Amino acid sequence: SFKLYEQQIKGISFLCNKGNGLLAYDVGVGKTAAGIVATVNQIQSGRSKRPLILVPNQVYSKWYTDIKELFPNVQINDLFNLNERKLKWIIYLDVL
């Protein structure tokens with residue numbers, strides 16, 4: 001069972017009330033889970049339709065698996081290792 005800690009709840013509240021922000025906790029405090037929950041909250045509240053989450057390659061797989069584990073019904077458009085050519089194509093498709 002998944003449980004949020006007090007510090008994570010404060011971080012989620014901060015992000016959701018402000019609409020954006022940065023969580024700069026120490027390693028192991030739960031930034032990933034807090035960021036995921038805050039993002040899903042923004043989707044569920046209608047404040048965000050298609051949020052963009054950018055993470056370094058080193059933590060990409062952790063974020064991907066954690067999102068799928070915590071919120072299996074959330075659709076993820078996997079844009080791993082996005083280069084300039086792919087980005088231009090995505091922007092082009094979005095404009096159509």
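Residues numbered from 1 in each chain as written. Predicted model: local features only at pLDDT ≥ 70, side-chain atom pairs only at ≥ 80, totals over all residues. Heavy atoms only, no water.

A.B. asks: What's the story with the overall build of the chain in this structure? I'm lost.
C.D. replies: Within the chain, the secondary structure is distributed over 4 helices and 0 strands. Beginning at the N terminus, the succession of helices and strands in the chain can be written as α-α-α-α. Judged by the C-alpha coordinates and their principal axes, the chain covers about 40 × 30 × 25 Å. Every one of the 96 residues in the chain was classed for burial, and the buried ones make up 23%. A separation threshold of at least 6 residues defines the contact pool for the chain, and within that pool the share at least 24 residues apart is 39%. Just so you have it, the chain exposes about 7700 Å², and 55% of that area is on carbon and sulfur atoms. Between the averaged position of the 12 positive side-chain charges in the chain and that of its 7 negative side-chain charges there is a distance of 5 Å. (Helix = DSSP H or I, 4+ residues; strand = E, 2+ residues; numbered from the N terminus. Buried < 20%, exposed > 50% of the residue type's maximum accessible area, 1.4 Å probe, protein only. Contact = heavy atoms within 4.5 Å. Areas by Shrake-Rupley, 256 points an atom, 1.4 Å probe, with all protein chains shown as cover. Lys, Arg positive; Asp, Glu negative; His and termini not counted. Charge placed at Lys NZ, Arg CZ, Asp CG, Glu CD.)

A.B. asks: I tried to follow a nonpolar patch on the surface on my own but got confused; where do I start?
C.D. replies: Taken together, the side chains of Leu 79, Leu 82, Leu 87, Trp 89, Ile 90, Ile 91, Tyr 92 and Leu 93 present a nonpolar region at the surface, about 730 Å² in accessible area. The topology assignment puts Tyr 92 in helix H4 (residues 84–95). Classification of Tyr 92 as partly exposed rests on a relative accessible area of 45%. (Patch = residues over 30% accessible without salt bridge, like charges linked within 9 Å, V, L, I, M, F, W, Y side chains within 5 Å. Salt bridge = Lys/Arg side-chain N within 4 Å of Asp/Glu carboxyl O.)

A.B. asks: Looking at this structure, I do not really get helix H1 (residues 6–18). What am I missing?
C.D. replies: Since the α-helix advances by 3.6 residues per turn, residues separated by three or four positions end up pointing in the same direction. For H1, which comprises 13 residues, the first-to-last C-alpha distance of 18 Å matches the rise-based estimate of 18 Å (1.5 Å per residue) to within 8%. Within H1 the residues assigned to the buried category are Gln 8, Gly 11, Ile 12, Leu 15 and Cys 16. Viewed end-on, H1 has its buried residues packed into an arc of 125°, placing them on one side of the element. Opposite the buried face of H1, at more than 90 degrees from it, the exposed residues are Glu 6, Asn 17 and Lys 18. Downstream of H1 by one or two residues, Gly 19 has phi in the positive range, about 95°. (Expected span 1.5 Å × (residues − 1). Arc of directions from axis to C-beta.)

A.B. asks: Whenever I open this one, the nonpolar core confuses me. Can you help?
C.D. replies: Buried together is how nonpolar side chains tend to be arranged in soluble globular proteins. Ranked by size, the top nonpolar core spans 8 residues in total: Ile 12, Leu 15, Cys 16, Leu 23, Tyr 25, Ala 34, Val 37 and Ala 38. Contributing elements (two or more residues each) for this core: H1 and helix H2 (31–44). Beyond its immediate sequence surroundings of up to four residues, Ile 12 is in contact with Leu 4, Ala 34, Val 37 and Ala 38. (Core = buried A, V, L, I, M, F, W, Y, C linked by side-chain atoms within 4.5 Å.)

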